Amino acid sequence: MSETPHLSGPFRIGDRVQLTGPKARMHTITLRENGELHTHNGVLKHELLVGQPDGSVVTNSSGHDYLALRPLLRDFVMSMPRGAAIVYPKDAAQILSQADIFPGATVVEAGVGSGALSLWLLRAIGPSGRLVSFERREEFADVARANVETFLGATPSTWEVVVGDLVENLPDAVAPASVDRVVLDMLAPWECIDAAADALTPGGVVLCYVATATQLSRVAEYIRATGLFTDPDASETMVRGWHVEGLAVRPDHRMVAHTGFLLTARRLAPGAVPPEVKRRASKSSYGDEDVELWTPGAVGDREITDKNLRKRVREAQKAADGVRRREGDPAGATEAPDATA
């Protein structure tokens, strides 16, 4: 099976299709032999879509029209099964930009979560790059693998998922000073900075994605204290949609504002001492009471129940199964769960 995603051309069995019907209700399906989409508005046979180009309109049994499009990556990550919270597309775009992820790069990611950021990174590094993703929980890794396979049609040879702690396993996964970029999406990224420094090549970038200002402060001060990186830069991204209809032009009433902070720094050459940066004195030490503020409960990190997580693993693997059998037994392909946008 080819690892190249089928992103253009006529729809075929095994393709994922995003259908927008009455009242702008959206469904995402995987095309299969004799498959049908059942809604309150009637039945739409999958065979009506096979051979049709992207952007086609098809009619179901009740005369309702549906617009058929292949999901964009941003559409897919917002509707895919989740084991852990995802990196939103607005932040993923900034991560690719600020970390300067390039074709052929060797990138280390921790943790993998539900695989949303992994998909963006895999696209950016191209067929000649390498992505090593670390995840402590096997269930989250299973969801991520299934989601990546569902979107790409196969598990890419450029991707390796390591279940375990980055600090303990990174030295076995990569050679020292061989990694171009390290992306840390975790509760306590400062715990991994030393290991990241050993793995990064001089000039390489470490990027931390954190949710709270206290986390941002601690990881920034830790990076400064190592003396191994340039002074870190911090930012957040807010994207506000607009309603545009004739002369009715105004901001949307709702927006996804703060999702997280991005902090980047570059690895110095061995023995290099950067020019001193003069800054005002500030509190840069932390006690046990400060660390308590960064516990998962204190920062609003919701714990997912084992039962709910098992359900999400099944949903992700069911979607991947439909793609996996695209060129095998078409009748055995399964339909991905509907996703309403």
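### Brief notes about the overall build of the protein chain
- Check the secondary structure of the protein chain and you find nine helices and 15 strands.
- Surface exposure of the protein chain reaches about 17,300 Å², of which carbon and sulfur atoms provide 51%.

### Some thoughts on helix 7 (residues 213-226)
- When the terminal C-alpha atoms of helix 7 are compared, their 20 Å separation across 14 residues agrees well with the 20 Å that a helix rising 1.5 Å per residue should span.
- Within the span of helix 7, buried status applies to Gln215, Leu216, Arg218, Val219, Ala220, Glu221 and Ile223.
- Two residues or fewer after helix 7 comes Gly227, characterised by a positive phi angle close to 70°.

### Thoughts on the packing of aromatic side chains
- Summed over the entire model, instances satisfying the criterion amount to one aromatic pair.
- With 5.1 Å between their ring centres and 40° between their planes, Phe76 and Phe151 make a pair best called tilted. Remark: Phe151 occurs in helix 4 (residues 138-152) and Phe76 occurs in helix 1 (residues 73-79); sequence separation between them is 75 residues. Just as Phe76 is buried, Phe151 falls in that class too.

### Regarding the pairing of strand 7 (residues 106-110)
- With five of five residues buried, strand 7 is to be regarded as a mostly interior element.
- Because side chains alternate across strand 7, one face comprises the buried residues Thr106, Val108 and Ala110, and the other comprises Val107 and Glu109, equally buried.
- In this structure, strand 7 lies alongside strand 8 (residues 130-135), joined through five bridges in parallel fashion. Counted as the bridge partner of Glu109 is Ser133 from strand 8.
- Remark: the strand 7/helix 3 (residues 116-125)/strand 8 crossover connection has right-handed handedness.
- Where strand 7 and strand 10 (residues 179-185) come together, four bridges link them in parallel fashion. Across the sheet, residue Ala110 finds its bridge partner in strand 10, namely Leu184.

### Focus: the nonpolar core
- In terms of nonpolar packing, the biggest core is built from 34 residues, with Val77, Val107, Leu119 and Trp159 touching the most fellow members.
- The set of elements that each furnish at least two residues to this core consists of helix 1, helix 2 (89-98), helix 3, helix 4, strand 9 (159-163) and strand 11 (200-210).
- The dominant element in this core, judged by the number of residues it contributes, is helix 3, at eight residues.
- Ignoring sequence-local partners within four residues, the contact set of Val77 consists of Arg82, Ile86, Pro89, Ala116, Leu119 and Trp120.
- Counting residues in hydrophobic clusters, the runner-up holds 32 residues, among them Trp190, Ala199, Cys208 and Ala265.

### Looking at the sheet that holds strand 1 (residues 16-20)
- Reading across from one edge, 2-1-6-5 is the order of the four strands in this open sheet, with antiparallel pairing throughout. The outermost strands of the open sheet, each flanked by one partner alone, are strand 2 (26-30) and strand 5 (56-59). For this sheet, the mean angle separating the axes of adjacent strands, direction not counted, is 30°.
- Alignment of strand 1 against strand 2, held across five bridges, turns out to be antiparallel. Note that in strand 2 the partner of Arg16 across the bridge is Thr30.

### Looking at a nonpolar patch on the surface
- On the surface, Val57, Leu67 and Leu69 cluster together into a nonpolar patch covering about 230 Å² of accessible area.
- Here Val57 is to be found in strand 5.

Calculation notes
- Throughout this document, residue positions are counted from 1 along each chain, in the order its sequence is written.
- Where totals are concerned, whole chains, interfaces and linings use all residues; where local detail is concerned, this predicted model gives features only for residues with pLDDT of at least 70, and gives and counts side-chain atom pairs only at 80 or more.
- Think of the side-chain values as coming from all heavy atoms in the structure, minus any hydrogens and water.
- Where helices and strands are cited, they refer to DSSP runs of H or I of at least four residues and of E of at least two residues respectively, numbered from the N terminus.
- Every accessible area reported is derived by Shrake-Rupley at a probe size of 1.4 Å, with residue values counting cover from the shown protein chains alone.
- A helix is expected to reach a length of 1.5 Å times the quantity of its residues less one.
- Per-residue accessibility, obtained with a 1.4 Å probe over protein chains only, is compared with the maximum for each type, and a residue is labelled buried under 20%, exposed over 50%, and partly exposed between these values.
- Think of it this way: a Phe, Tyr or Trp ring, Trp meaning its six-membered ring, pairs with another when their centres are within 6.5 Å, and the plane angle makes it stacked under 30 degrees, edge-to-face over 60, tilted otherwise.
- Here the rule is simple: two strands pair whenever DSSP picks up at least two bridges between them.
- A right-handed crossover is one whose linking path, passing over the helix from the first strand to the second, runs clockwise when the strands point away from the viewer.
- Only buried Ala, Val, Leu, Ile, Met, Phe, Trp, Tyr and Cys residues count toward a nonpolar core, and they belong to the same one when joined by side-chain atoms within 4.5 Å.
- Note on definitions: a residue-residue contact is assigned when non-hydrogen atoms from the two residues lie within 4.5 Å.
- Axis lines are fitted through C-alpha atoms, for helices just across the contact stretch, and the angle between N-to-C directions can take any value from 0 to 180 degrees.
- Patch membership is restricted to residues that have no salt bridge and whose relative accessible area is over 30%. Joining uses 9 Å for like charges and 5 Å for the nonpolar side chains Val, Leu, Ile, Met, Phe, Trp and Tyr.
- We define a salt bridge as a side-chain nitrogen of Lys or Arg found within 4 Å of a carboxyl oxygen belonging to Asp or Glu.

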